[in-house]
Amino acid sequence: LASVLRDQEHAEQLLNKEKRSVSVEARAKLADEVIDGMVSRNAENPEAYLARYRYRNQYRLPGAESDLEAALKHGPEHLGTLLVAAAHARREAERSEGGRGPADRTRVQYEKARDLYTRAIKVAFADGRAYLGLGEVHMALGQMDRAVEVWRQALAQVDKESIDLNLRL
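Residues numbered from 1 in each chain as written. Predicted model: local features only at pLDDT ≥ 70, side-chain atom pairs only at ≥ 80, totals over all residues. Heavy atoms only, no water.

The predicted model of the chain averages 89 in pLDDT, with 89% of residues at 70 or higher. Between the elements of the chain, mean pLDDT differs from a low of 57, seen in helix α2 (residues 11-15), to a high of 97, seen in helix α5 (residues 64-74). (pLDDT = per-residue confidence, 0-100. Helix = DSSP H or I, 4+ residues; strand = E, 2+ residues; numbered from the N terminus.)

Here it is as structure tokens:
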């Protein structure tokens, strides 16, 4: 609903039967209230914070990182949270690296991604997504042998026919 409110001009018709114009700002405010209400009603659920994290990222709104931290707090062993947080750390490392950011910040973000992917593997060793990400992190850190080792482990644990894993190898 929040995305519909932000994205669709026709949301006015849902909100206003008198066909008066509803401003973009008013729709955005209502959308934010919808998503914030969903989080407040599900304050212990990491999925709620992940939903708001994605929403805030999509619309470039502040607070996305704090939502990710809250999701990790409420779901430290939640696979979806670990995968999203690891991917976020990887993007931050790539952004820092691509913008010629400080090498130590880049390394810290890659190490954070590595740790999160490793936790995700422990939570769901039969899910290949964490292995793929972990291998990519090792590649970015220049650890090709370790990346290959991770992907081979994944083939044995997850699916020897995995196209994604075999392509990387």
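Read on, since the account is not over.
With 13 residues, helix α8 (residues 128-140) should cover 18 Å at 1.5 Å per step; its first-to-last C-alpha distance of 19 Å lies within 8% of that length. Within α8, ten of the 13 residues are buried, which leaves the element mostly enclosed by the surrounding structure. Those residues of α8 not exposed but buried are Gly128, Ala130, Tyr131, Leu132, Gly133, Leu134, Gly135, Glu136, Val137 and His138. Residue Gly142 follows α8 closely and has a positive phi angle near 80 degrees. (Expected span 1.5 Å × (residues − 1). Buried < 20%, exposed > 50% of the residue type's maximum accessible area, 1.4 Å probe, protein only.)

So, about the pattern of salt bridges. Enumeration according to the criterion identifies 14 salt bridges in this entry. Across the salt bridge formed by Asp67 and Arg56, the nearest N and O atoms sit 2.8 Å from each other. Residue Asp67 is found in helix α5, and its partner Arg56 is found in helix α4 (residues 46-58); the two are separated by eleven residues along the sequence. Asp67 gets classed as buried once you look at its relative accessible area, which sits at 2%. Here Glu92 makes a salt bridge to Arg95, at a shortest N to O gap of 2.4 Å. Pair noted here: Glu92 and Arg95 are both in helix α6 (residues 79-98), with a separation of three residues, about one helical turn. Residues joined by salt bridges that share partners form a network here, namely Asp36, Arg52, Arg56 and Asp67. (Salt bridge = Lys/Arg side-chain N within 4 Å of Asp/Glu carboxyl O.)

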